[in-house]
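Working through the structure, step by step
Here's the letter readout for the chains.
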Amino acid sequence: MKLLLTKTIRAVFLMLLTVSTVSLNAQSDPTGESAVTRTFAITNATVIQAPGKELKGATVVIKNGLIQAVGTNVTVPTDAQVIDGKDMFVYAGFIDGLANTGAKRPENAPRPNDLFSPDPPNDYAGITPEHSLLDQLDVASNTIASMRKEGFAISHSVPFGRMLPGSGSIILLGDKKHADELVLSKDVSMFTQFAGAPGAYPGNVLGIMAKWRNLYRNAENNKQHYDSYAQNPSGIERPERDRVTEAFFPVVSKQRPVMFDVAGVLEVQRAMRLQKDLGFKLMVGNVKQAWDLGQMFKDNGTSVFLSLDLPDAPKEAKGKDLDEMTEETKRLEARKVDFYKKYVGQAASLATSGVKFGFSSLDVTSTKVKANLLTMIENGLSESDALAALTTNAAGLLGIDKITGTVEAGKIANIMVSNAPYFTKDSQIKFMFVDGDKYDFEIKEKSAAGNGNRAGAAAGNDPIVGTWSYNFETPNGASTGKMTFAKDGGTYTGKMTNNDGAPDANLQEVTFANGTLSFIFMIDAGGQSVELIVSGTVTGKQYDAEVTVSAFNFSTPMSATKDDGQ
């Protein structure tokens, strides 16, 4: 596929980032500004005010960005736009505990010509805690609309970077003209990760931990000096200003928590070891391997945000393949299955142990969020606990539970409305309200073949096998072509051709399960190979997906239609 090949990859995707956010699944009012009124009444709906608290035949009144009233005996304002909520389900908008949503990735600091690797400049080492998400927040970022489409109204978003990228802020996932309009609470956390400087100190985990201790202890000492000077400067040497040190002051005084991006169990334990040694408030996000850490989280009081990213299920060997396996191979395959079950069952395990956790979308494409939630539920997580992680738990852990997280009068009007209970596979989001602004989405009717894709498969007519015509936008206009899928046994293969004459691309890692089709392909951009990830939902002969360039945290919508007669 041809994606505006230019002299450098950076030029390609900087241009792509300028593309205006297009309508995602026929969003009819992408700005939320065209409504005649900001007063709404959703009537006769099933309202899930909080996990385990449900009202049937209820009305929700929204006015001036707030929930004005909720109940079964509510007076509808005369100036309200009335939405018939019959057969609809109302939830609090979801809250993302850790993400880069809305952030625009900056260029990495260039390697200094005179680099002294044991003591590199802070910007090259990625030690920039004085920076903020607001330095990177881009109102035109596609990631805002993508997450809103999946039911999220709020994100604890953090900047891109290395060891200490800067502070995270809590933002509203609306369409606004200025970044300040998105900010619910700025600089609420110090974001850090075990990402070292290339070819310089601290370049590995042990170096990062040592540097972290050094920075924290220096900040403790310097804060005492600053405080003493501020109280009575007479006879005290004036302290030297240091932005890195000063950024640690709210952490040292426990006014601001530290949010660690820690995927693996060892990273979690290392972050908790630092917290135990130094005493700061700790939050861990993007956690992927925590099934044995429940008691440790409880004992330490650590706030936890599990990753919404899940591995693919291991393929089960059958028949001849199973017979030809050695005993050692069978044991290896069994260990893979055991690891997968622990992974997808860890949310249920933590909930059972009494750990209140939220979710993080840091490493997952938005189109996989719901499917992965359903996988967790299939592996023991209750729907009530899943909803709590998306709403009340997340609000409490982030300290915003007084203003959001439930459908209650007086709270911000962050509301999701679906056409069926959200955790049923075929439910779809009809409306989103973010800060009282209404966003509409098209409800797609499920065909017999598209309803779980069972009917077509039963008839021997696989829903995705055949040729599809695709389309998605680039700065040069629409990029169009064909995708052809085939199936041999249980394995899918595919090929993509482009109408502009670019070389054909073989589709890799093609998977289709629970109505979600995903695959990867490579393009040649300026002589370098770039990986693109595509994932989305198949509904009959329609495919709605996102194309994601993970290296640049960029995504754009794709649509495809299966050719007639197939």
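Everything below is about the structure shown above.
Now for a description of the structure that goes with this document. (Residues numbered from 1 in each chain as written. Predicted model: local features only at pLDDT ≥ 70, side-chain atom pairs only at ≥ 80, totals over all residues. Heavy atoms only, no water.)

Another aspect to go through is the nonpolar core. W212, F260, F280, F297 and F359 are the most contacted members of the largest nonpolar core, which totals 101 residues. If one sorts the elements of this core by residue count, helix α4 (residues 205-231) sits on top with seven residues. One finds F472, F485, A505 and V547 within the second-largest nonpolar core, a separate group that totals 26 residues. (Core = buried A, V, L, I, M, F, W, Y, C linked by side-chain atoms within 4.5 Å. Buried < 20%, exposed > 50% of the residue type's maximum accessible area, 1.4 Å probe, protein only. Helix = DSSP H or I, 4+ residues; strand = E, 2+ residues; numbered from the N terminus.)

Moving on, we get to the packing of α4 against helix α5 (residues 243-252). Relative to each other, α4 and α5 sit at 85 degrees, their axes nearing to 8 Å. Our classification of the angle between α4 and α5 gives roughly perpendicular. Residue-level contacts link W212, L215, Y216, A219, E220, N222, K223 and Y226 of α4 to V244, T245, E246, F248, F249, V251 and V252 of α5. In terms of residue class, the contact of α4 with α5 is built from ten nonpolar, two polar and three charged. (Axes fitted to C-alpha atoms, helices over the stretch in contact; angles between N-to-C directions. Parallel < 35°, antiparallel > 145°, perpendicular 65-115°, else oblique. Contact = heavy atoms within 4.5 Å. Nonpolar A, V, L, I, M, F, W, Y, C, P; charged D, E, K, R; others polar.)

Looking now at the side chain of T46. Within the secondary structure, T46 is located in strand β1 (residues 40-50). Of the residues examined, T46 reaches a relative accessible area of 12% and is grouped as buried. In this view, T46 contacts E54, L55, K56, M88, F89 and V90; residues no more than four positions away in its chain are not counted.

A word on the environment of V61. Turning to its location among the elements, V61 is positioned in strand β2 (residues 53-63). Residue classification places V61 among the buried positions, given a relative accessible area of 0%. Distance in space between the C-alpha atoms of V61 and A41 is 4.4 Å, their sequence separation being 20 residues. Not counting the four nearest positions on each side in its chain, V61 is found in contact with F40, A41, L66, I67, Q68, A69, V74, T75 and P77.

What follows concerns the sheet that holds strand β13 (residues 357-360). Strand order across the open sheet formed by eight strands is β6-β7-β8-β9-β10-β11-β12-β13, with mixed pairing between neighbours. Each edge of the sheet is formed by a strand with only one pairing partner; in this case those strands are β6 (94-99) and β13. Strand-to-strand, the axes of this sheet are offset by a mean angle of 30 degrees, without reference to chain direction. Bridge count for strand β9 (residues 183-193) against strand β10 (residues 258-261) is four bridges, and the pairing is parallel. Bridging from a neighbouring strand, M190 pairs with V258 of β10. (Pairing = 2+ DSSP bridges.)

Further remarks concern the pattern of salt bridges. Under the definition given, this model contains 18 salt bridges. Among the ionic pairs, D175 bridges to R148, the shortest N-O distance being 2.9 Å. Within this pair, whereas D175 is found in the loop between β8 (166-172) and β9, its partner R148 is found in helix α3 (residues 142-149), the two being separated by 27 residues in sequence. With a closest N to O distance of 2.4 Å, R241 and E246 form a salt bridge. On the basis of relative accessibility, which here comes to 64%, the residue R241 falls in the exposed class. (Salt bridge = Lys/Arg side-chain N within 4 Å of Asp/Glu carboxyl O.)

Just geometry here; none of it tells us what the structure is for.
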